[in-house]
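Chain by chain, the residues run as shown.
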Amino acid sequence: MDHRIRQAEAYLDQCRHQVDRELDRCLARNATSERLQETMRYSVLGGGKRVRPALCMAAARAMGSDESTALAPACALELIHAYSLVHDDLPAMDDDDLRRGRPTAHIAFDEASAILAGDALQTLAFALLSDAPALSDRQRVTMISELARASGHQGMVGGQAIDLESVGQQLSVAQLETMHRHKTGALIEASVRLGALTSETVTECQLSNLTDYASALGLAFQVQDDLLDIEGDTEVIGKRQGSDAARAKPTYPALLGIEGARQHLARLLDEALSALESFDSEADTLRAMADYVVARSH
Ligand code: GRG
């Protein structure tokens, strides 16, 4: 297990290096407004684990694709993720002052710049995918469609809406799961699916198994996030210093108890790994990523 976690950390470093170089290049062009460009760069290039790009590239590896074909989708996923964090931190949402140990975008710049940067990061994700030189037209359209669904009202934005509506409410475990499947899970599923779609020969059965892996992993990610919240990990300061409303949100440990949440996490890890049973060693990086997600400390 420890060996697999170290393997995942090394892979995350490698993906971060490639993705950040590409994002740096994309965000250096055509500065219509220097302030907007600075806010975008600050929001994307200032840290982050790069879990979604790594999942995308690991899924491409599992399918035997050249991993460079997954670079554009990996960057697009990170851009959507960055936009969601910038908007999530705004006063109208979670009202957070810190993210990744630094002032949030609306504090470092201003609210209007943060809103515009989030909007522009989102559209840049789709521009990047539509221009991806290593993908066929069909792959580009499929990926754009999948990413749009996963991040829009049927996915992440829908989950955020449920989250905002549920503040102060008593949710059941099933309702909490529905919220997280949309808010966090949909983009994690898209990360793995876009990686797999870099292969022209991926079958429905392979996609379905990889989606099951990602679906369990997405929930595991959230359960671990809730546990880290409780354990008061100081490295996730931004999220932890949210508004009173943010703190009143329902969590797995609140519903299941800390031990119950840990057991749930272990079951989800089993589920994720079982979904990869039909894959051989080519899926070892995905297996390592699953171990990392449940063991991560930030
Ligand atoms: C505002 C449209 C809109 C959506 C917001 C995903 C989301 C929806 C908000 C993020 C808030 C949050 C902290 C959710 C919990 C799980 C999560 C996505 C944590 C942050 O992701 P990491 O840990 O962050 O991958 P880094 O900083 O490593 O990139």
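Calculation rules
Residues numbered from 1 in each chain as written. Predicted model: local features only at pLDDT ≥ 70, side-chain atom pairs only at ≥ 80, totals over all residues. UniProt positions renumbered as here; feature names shortened; annotations may be inferred. Near = placed C-beta within 6 Å. Helix = DSSP H or I, 4+ residues; strand = E, 2+ residues; numbered from the N terminus. Nonpolar A, V, L, I, M, F, W, Y, C, P; charged D, E, K, R; others polar. Axes fitted to C-alpha atoms, helices over the stretch in contact; angles between N-to-C directions. Parallel < 35°, antiparallel > 145°, perpendicular 65-115°, else oblique. Contact = placed C-beta atoms within 7 Å.

- Identification of the protein chain as Farnesyl-diphosphate synthase from Marinobacter nauticus is taken from an unreviewed UniProt entry.
- On record in UniProt, under Cofactor (unreviewed entry), the comment for the protein chain is "Mg(2+)".
- Note on the protein chain: under the UniProt heading Sequence similarities (unreviewed entry), the record states "Belongs to the FPP/GGPP synthase family."

Some words on the site of the ligand
No. 1: Close to the ligand lie 18 residues, the nearest being Gly48, Lys49, Ser84, His87 and Asp88.
No. 2: Residue assignment for the shell around the ligand shows that the elements contributing at least two residues are helix H4 (71-88), helix H8 (156-166), helix H9 (173-196) and helix H10 (204-231).
No. 3: A per-element tally of the shell around the ligand places H4 first, with 5 residues.
No. 4: Split into classes, the residues belonging to the shell around the ligand amount to 5 nonpolar, 7 polar and 6 charged.

Some thoughts on the packing of helix H2 (residues 34-45) against helix H6 (residues 111-130)
No. 1: Taken N-terminus to C-terminus, the directions of H2 and H6 make an angle of 70°; their axes are 9 Å apart at the nearest point. Taken together, the axes of H2 and H6 are roughly perpendicular relative to one another. The residues of H6 that touch H2, namely those facing Arg35, Leu36, Thr39, Met40, Ser43 and Val44, are Ser113, Ala114, Leu116, Ala117, Ala120 and Leu121.
No. 2: Considered class by class, the residues forming the contact of H2 with H6 number 8 nonpolar, 3 polar and 1 charged.

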